[in-house]
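Tertiary structure, described
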Amino acid sequence: MAGSIMSSNVHPTAIVDDRATLGEGVAVGPYAVIGPDVTLGEGCVVEHHVSIKGPSTIGPRNHFFPFAAIGEKSQDLKYAGEPTYLEIGEGNAFREFTTVNRGTAPGSKTVVGSHNTFLSYAHIAHDCVVGDHTVFSNNGTLAGHVQVGGWAPMRQ
């Protein structure tokens, strides 16, 4: 099924795969890359040089700052290319150089809730579950299969 770009603002140097779906009011900046099987909810902002790969489902009003890498394949050495997923809620901020990976086992997923802030260089590895209203400080990282409940600040 081909994706669609509703009334969105996509910079001419951005690459948006035909199988991606962009909601109403999505803004995609220069040199950003949106891969196949990515769904971005309404009002998302994807700044310059951001990479979002799928399968990833991203809710409304998320903000991806420069050089974030979202939905990349698992870094787990057991990962052999099976289809895995990423789900992100609404209203999150992914600051510069943040990375979020998909799950590892076939059909598995990484889940990020809503209203979280991930400061520069934060990393959410494969198969993690992050609740709502968390704050990850600069360089805050989660190894695979970690769960963080809601309202949990992470500090270095």
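A few points on the structure. Owing to the predicted nature of the structure, the values given are computational and were not obtained by experimental measurement. (Residues numbered from 1 in each chain as written. Predicted model: local features only at pLDDT ≥ 70, side-chain atom pairs only at ≥ 80, totals over all residues. Heavy atoms only, no water.)

1. Details of the side chain of Thr98
In this structure, Thr98 sits in the loop between strand 13 (93–94) and strand 14 (99–101). Apart from the residues lying within four places of it in its own chain, the contact partners of Thr98 are Ala68, Ala69, Ile70, Phe118, Leu119, Tyr121 and Ala122. (Helix = DSSP H or I, 4+ residues; strand = E, 2+ residues; numbered from the N terminus. Contact = heavy atoms within 4.5 Å.)

2. Brief notes about the pairing of strand 11 (residues 69–72)
Two elements, strand 8 (residues 51–52) and strand 11, share two bridges in a ladder whose sense is parallel. Paired with Ser51 across the two strands is Ala69, which belongs to strand 11. Bridge count for strand 11 against strand 14 is three bridges, and the pairing is parallel. Note that in strand 14 the partner of Glu72 across the bridge is Asn101. (Pairing = 2+ DSSP bridges.)

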